[in-house]
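Summary of structural features
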Amino acid sequence: MWRRVASVFTLLAPSRSSVLNKVPHNLKFLEVFATEVMTPTEDGVLSKVKTPFITFVLGGPGSGKGTQCLKIVESFGFTHLSAGDLLRKETSTNAKFCDMINDTIKEGGIVPSELTVKLIQGAIDSSENYKFLIDGFPRSEENRSAFEKITGAEPNIVLFFDCPEEEMVRRVLSRNEGRLDDNIDTMKKRLKTFTALSLPVINYYSEKGKLLKINAVGTEDEVFEQVRPVFAKYEKEIR
Ligand SMILES: Nc1ncnc2c1ncn2[C@@H]1O[C@H](COP(=O)(O)OP(=O)(O)OP(=O)(O)O)[C@@H](O)[C@H]1O
Ligand SMILES: Nc1ccn([C@@H]2O[C@H](COP(=O)(O)O)[C@@H](O)[C@H]2O)c(=O)n1
Ligand SMILES: [Mg+2]
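Parameters at a glance
- Residues numbered from 1 in each chain as written.
- Chains lettered and ligands numbered in written order.
- Predicted model: local features only at pLDDT ≥ 70, side-chain atom pairs only at ≥ 80, totals over all residues.
- UniProt positions renumbered as here; feature names shortened; annotations may be inferred.
- Pairing = 2+ DSSP bridges.
- Helix = DSSP H or I, 4+ residues; strand = E, 2+ residues; numbered from the N terminus.
- Axes fitted to C-alpha atoms, helices over the stretch in contact; angles between N-to-C directions.
- Near = placed C-beta within 6 Å.
- Nonpolar A, V, L, I, M, F, W, Y, C, P; charged D, E, K, R; others polar.
- Contact = placed C-beta atoms within 7 Å.

For the protein, an unreviewed UniProt entry supplies the name UMP-CMP kinase and the organism Kingdonia uniflora. A UniProt comment under Subunit (unreviewed entry) is attached to the protein, and it reads "Monomer." Word for word, the UniProt comment on the protein under Sequence similarities (unreviewed entry) is "Belongs to the adenylate kinase family. UMP-CMP kinase subfamily."

Right under this line is the structure:
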């Protein structure tokens, strides 16, 4: 019997009350590609629980993360959560953080992890889906450790869109979405932040054997032809 996890993080955060919290502590839920786990219900009967399948989508600014995420959503039914989009949305709904978020984005910096993780966690918890693309996160070791600490979760896989700087600059400067950070000054800063803070996270997942590197050069469809087999391979297992 399949049961959907009521809250992704009730499974992982012992402080929140849930039948799922009764799962033995030494059980590792988010093993790569595992999306089901045997867990005792309140009456002690074991049943299968669907766990979330989390894909982190990483790459430099303008490497094509968002574009490819839309294609993955269309073909494989994932829910796309862009950390940048969540932060931009927060600027219009939360006056308290509006200036801080906008200033950080303009400066190509990274917003304090606790806020970003909270937004991602909220979006996952309010979704009916169990397959998530978390785009543009984690962007730093601090992002990564905050996510693990707050949610107790780890990604199942990590996609990295590898793109030369000149191509990323070209793409960002011809993107026409009115973004505050689509200008050459901010782009230079974002590239520095990417090298200094984001690449170490990419290396971390590479060492853990979770990284799938995609050559981001080529047409959108050509890039997607490298992405498709990743999800096609695991589609049945994460259904
Ligand atoms: N393979 C591609 N070839 C040419 N242009 C592309 C390709 N993929 C995406 N683009 C274009 O490049 C721009 C940046 O793409 P996208 O927004 O997907 O990047 P991103 O990695 O999400 O960037 P950011 O980190 O700034 O959000 C967009 O205008 C998009 O249409
Ligand atoms: N984990 C993150 C993600 C994004 N930001 C800030 O938002 C900017 C835009 O992000 P995109 O993914 O849409 O490119 C980014 O440059 C950061 O300033 C963040 O702080 N933390
Ligand atoms: Mg994007």
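So, next bit.
1. Regarding the sheet that holds strand β7 (residues 157–162)
As summarised here, the arrangement of the five strands in space is β5-β6-β4-β7-β8, forming an open sheet in which the pairing is parallel. Only two strands of the sheet have a single partner each, and these edge strands are β5 (79–82) and β8 (211–215). Averaged over all pairs of adjacent strands, the angle between their axes in this sheet comes to 20 degrees, without regard to strand direction.

2. Observations concerning unusual backbone geometry
In the segment running from F137 into P138, the intervening peptide bond is cis, with an omega of 0 degrees. Mapped onto the elements, P138 comes out in the loop between β6 (131–135) and α5 (141–151).

3. A word on the site of ligand 1
Ligand 1 sits among 17 residues. The nearest are G64, K65, G66, T67 and R171. When contributions to the shell around ligand 1 are tallied by element, the ones reaching two or more residues are α1 (65–76), α6 (165–174) and α8 (220–234). In the shell around ligand 1, the residues fall into three nonpolar, ten polar and four charged.

4. Side note on the UniProt feature "binding site: CMP" (unreviewed entry) in the protein
Mapped onto the present numbering, the UniProt feature "binding site: CMP" (unreviewed entry) falls on N143. Inspection of the secondary structure assignment puts N143 in helix α5. With residues up to four places along the chain from it excluded, the contact list for N143 reads I110, S113, T116, F137 and P138.

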